[in-house]
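One-letter residues, chain by chain:
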Amino acid sequence: MKKALNSHLLTTIFVTLSATLSIVVNGLIAGQFLGPDALTAYGLASPVLILLTALTGIFSNGGTIRCAMFIGRGDDGSVNNNFTVTMLISTLIAVVYSVICMAASGPLAQVLGADGAIQDMTSGYILGLGISAIPFVLLQNLILYMRMDNSQNLAMASIIVTIAVNTCCAMYSVLYTDAGLFGIGISVALGNIAGFIVTLLYFLKSNRRLKFSRPSNMKVELSEVVKSGLPTAINRGSQTLKNFSLNLFLMSLAGTTAVTALSVQTNVNQVLIAVSMGYGMMASMMCSMFYGENDRDAMAGTLRVTIKSGIIVSCIVAVITIIFAPQIVSLFIPEGDTSMAVECIRLFALSQPTSTICLVFLYYYQSVRMYTLAYVISITRGFLYVFLLSVLLAQFMGTTGVWASFFFAEALSIVTLILVVRVKIGRFPRSMYDMMLLKEDTSDTKEIFNISIRNDMNEVMTLADRIHAVCVSEGISEEKSHRLSLCIEEMAGNTVQHAFSDSKDHYMDIRILIKGDDVIFRLRDDGIPFNPIAEDHDDHYGINVVKAVAKSIDYRNNIKMNNLTVVL
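Residues numbered from 1 in each chain as written. Predicted model: local features only at pLDDT ≥ 70, side-chain atom pairs only at ≥ 80, totals over all residues. Heavy atoms only, no water.

Regarding the nonpolar core
In terms of nonpolar packing, the biggest core is built from 123 residues, with Phe361, Tyr365 and Trp403 touching the most fellow members. It is helix α9 (residues 256-293) that provides the largest number of residues to this core, a total of 19 residues. In contact with tyrosine 365, not counting residues within four places along its chain, are Met370, Tyr371, Leu373, Ala374, Ile377, Leu417, Val421, Met435, Met436 and Leu437. Ile448, Leu463, Ile488 and Ile512 belong to the second-largest nonpolar core, a separate cluster that totals 32 residues. (Core = buried A, V, L, I, M, F, W, Y, C linked by side-chain atoms within 4.5 Å. Buried < 20%, exposed > 50% of the residue type's maximum accessible area, 1.4 Å probe, protein only. Helix = DSSP H or I, 4+ residues; strand = E, 2+ residues; numbered from the N terminus. Contact = heavy atoms within 4.5 Å.)

Details of the environment of aspartate 526
Mapping aspartate 526 onto the fold places it in the loop between β3 (518-525) and α19 (541-549). Assessed through its relative accessible area of 10%, aspartate 526 is described here as buried. For the pair formed by aspartate 526 and threonine 495, sequence separation is 31 residues and the distance between their alpha carbons is 9.9 Å.

Examining helix α2 (residues 36-73)
Over its 38 residues, α2 extends 53 Å from the first C-alpha to the last, a length consistent with the 56 Å expected when each residue adds 1.5 Å. Along its length, α2 shows its largest kink, about 40°, at alanine 45, and proline proline 47 lies within four residues downstream of that point. The buried count for α2 comes to 33 of 38 residues, which makes it a mostly enclosed element. Among the residues trailing α2, glycine 74 stands out with phi positive, at a value near 75°. (Expected span 1.5 Å × (residues − 1). Bend = angle between axes of the 7 residues up to and from the residue.)

Some thoughts on the packing of helix α5 (residues 116-147) against helix α6 (residues 152-176)
Packed helices, taken two at a time, are described by their axes: the angle between them and the distance between them. Packing of α5 against α6 leaves a shortest axis separation of 8 Å and a crossing angle of 155°. It follows from the interaxial angle that α5 and α6 lie roughly antiparallel. Remark: the crossing between α5 and α6 carries left-handed chirality. On α6, the residues that touch Leu139, Ile143, Met146 and Arg147 of α5 are Gln152, Leu154, Ala155, Ser158, Ile159 and Thr162. Here the residues of the contact of α5 with α6 sort into 6 nonpolar, 3 polar and 1 charged. (Axes fitted to C-alpha atoms, helices over the stretch in contact; angles between N-to-C directions. Parallel < 35°, antiparallel > 145°, perpendicular 65-115°, else oblique. Left-handed = near helix turned anticlockwise from the far one by under 90°. Nonpolar A, V, L, I, M, F, W, Y, C, P; charged D, E, K, R; others polar.)

Remarks on the side chain of arginine 209
Assignment of secondary structure puts arginine 209 in the loop between α7 (180-199) and α8 (218-254). Here arginine 209 occupies a buried position and makes no salt bridge, while the nearest side chain of opposite charge, aspartate 76, is found at 4.2 Å. With sequence-adjacent residues up to four places away left out, arginine 209 is seen in contact with Ile71, Asp76, Val79, Asn80, Asp149, Tyr202, Arg556, Asn557 and Asn558. (Lys, Arg positive; Asp, Glu negative; His and termini not counted. Salt bridge = Lys/Arg side-chain N within 4 Å of Asp/Glu carboxyl O.)

Some details on helix α13 (residues 352-367)
In this model α13 runs 22 Å from its N-terminal to its C-terminal C-alpha over 16 residues, within 8% of the 22 Å that 1.5 Å per residue would give. Burial analysis of α13 places 16 of its 16 residues in the buried class, the great majority of the element. Phi turns positive, to about 70°, at arginine 369, one or two residues after α13.

What to know about the pattern of salt bridges
This model, assessed by the stated rule, comprises 10 salt bridges. The closest approach of N and O atoms between glutamate 224 and lysine 227, which form a salt bridge, is 3.8 Å. Taken as a pair, glutamate 224 and lysine 227 lie in helix α8 at a separation of 3 residues, close to a single helical turn. Overall, glutamate 224 belongs to the buried group, its relative accessible area being 14%.

Remarks on the environment of isoleucine 312
For isoleucine 312, the position within the fold is in helix α10 (residues 296-323). Once the C-alpha coordinates of isoleucine 312 and proline 353 are considered, the two residues, 41 residues apart in sequence, prove to be 7.8 Å apart.

Let's talk about the pairing of strand β4 (residues 552-558)
Most of β4 sits inside the fold, with 5 of its 7 residues counted as buried. Bridge count for β4 against strand β5 (residues 561-567) is 7 bridges, and the pairing is antiparallel. Pairing of asparagine 558 across the sheet is with methionine 561, part of β5. (Pairing = 2+ DSSP bridges.)

Here's the deal with unusual backbone geometry
At asparagine 217, a position not held by glycine, the phi torsion is positive, near 50°. Among the secondary structure elements, asparagine 217 is positioned in the loop between α7 and α8. Despite not being glycine, arginine 369 shows a phi value in the positive range, around 70°. Its place among the elements puts arginine 369 in the loop between α13 and α14 (371-397).

Some words on the side chain of serine 123
With respect to the helices and strands, the residue serine 123 is situated in helix α5. Given the relative accessible area of 15%, serine 123 is considered buried.

A word on the packing of aromatic side chains
Counted under the stated rule, the structure contains 12 aromatic pairs. Centre to centre, the rings of tyrosine 172 and tyrosine 176 are 5.3 Å apart; their planes meet at 35°, and the pair counts as tilted. Here the residue tyrosine 172 and the residue tyrosine 176 both occupy positions in helix α6, the gap between them amounting to 4 residues, near one helical turn. Classification of tyrosine 176 by relative accessible area gives exposed; the value is 62%. Where phenylalanine 383 meets phenylalanine 387, the ring centres are 5.6 Å apart and the plane angle is 15°; that geometry is what we call stacked. With phenylalanine 383 and phenylalanine 387 both in helix α14 and 4 residues apart, the pair spans about one turn of that helix. Through a chain of ring-to-ring contacts, three or more aromatic side chains come together here, namely Phe83, Tyr145, Tyr202, Phe203 and Phe212. Residue placement shows arginine 422 over the ring face of phenylalanine 428; its charged tip is 5.5 Å from the ring centre. (Phe/Tyr/Trp six-rings, centres within 6.5 Å; stacked < 30°, edge-to-face > 60°. Lys NZ or Arg CZ within 6 Å of the ring centre and 35° of its normal.)

So, in structure tokens, the structure goes:
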């Protein structure tokens, strides 16, 4: 599990960065070459881009959450229908968004609090963002879907191309044209078009899982995608509302200097939040797949690993940010007094570990359809607690109170979540299973055995004998118990011999379930891809024996893990 998490984590973080790093780069270019007013205008326009990412998140996150669940169930038809419906509807939404931004950029800039020359710059950037909406949505959706089909390298390539083209075009715009923020907005569009073209190479793969199909049950699928993706959109939408409200509040409290400081924080947040969201999205993808398999232990293990690793990495990121805050701020504000922005960044950095915890649980509850809890986290951490604490603390601490509210809001959101769980289970949570809040399984599938063993043939042989005894004690016939122990010995032994290319310890997860008259054996490992049912294996006698005695065998490689299911 750790290997699968680590192999996808970097890609997932960069997927998040692909949607936000261009924002940061453009903010740097605006501050360095166009001046403080341009950076203020850029900050005032930021809710428009955050709202676009929120709308995109409904479909990219909601769609991939459901897609992962269907993958866990082995339902390829639903996988392709989900992919088709998500891409189609999100594109239509992007078209509408694009038209609105291009037709009403001036009034939108005014509503966001811009006036005078700053209003013209804000309007120009919004116009450029409107043009970029369609390629932005297409790119984000495809990247998130591709990573589930083991196409991380292509996803990374498209992200690199997107950022490189955006940066080059933005630099050309400010150095050789008078397009201003409008030119930077156009650069976002060009970068996303280039990245989208790279993602199209995915469709040249002959063995790709995702295929466009004739959409069916569109209303039902769209409804489920929106339900699954809405918590993420509300989280980002809450941040849009937070930025809008704090811009107005800070303008009245301390003027454009404070708004500029918040603009720098918004840009820095786009980078730092990618780490927290990366862990959250990984937890969502893996838990969705395990939820489809009804594997609670794997879900609990995923949450433990992501939270522990996420906190460690977030603490390191926070310390680095605090130490180098002056240098970071100077990238956005090359001249003048930067003390307020430095203080803002340092106090904001303290919230990174708590932000990671909030986002992991937000994405988890989203993946298991506990939407109310996801909404609670989204609204409290994204807007409600930040704004209320900002107004309260500013009475005593001025702008320092506003910057301190970022940390206190995240911490208070965690306390709120714990209290909600306390109400639901009747006591304070004592384990990850308590925080998961999953109901008892009422299906006719019963788990009788679940274990992880090392890639050691001695453990495989011992395990086969143990499982035979467990099956007999559960009332399974001697014949079927013998067949099951044979299957485990052959398939797990085959994994030990062929799936691992190094001498390090690896682990295989083995589950035994009973469903009606069927006994189900599931084996998951993080070895090299090996499909025992793809072709005849004349030199693998054990595999052919299992094929002969099994009712059905299914193999899938999901998120770089081999998943084998044998039904007897």
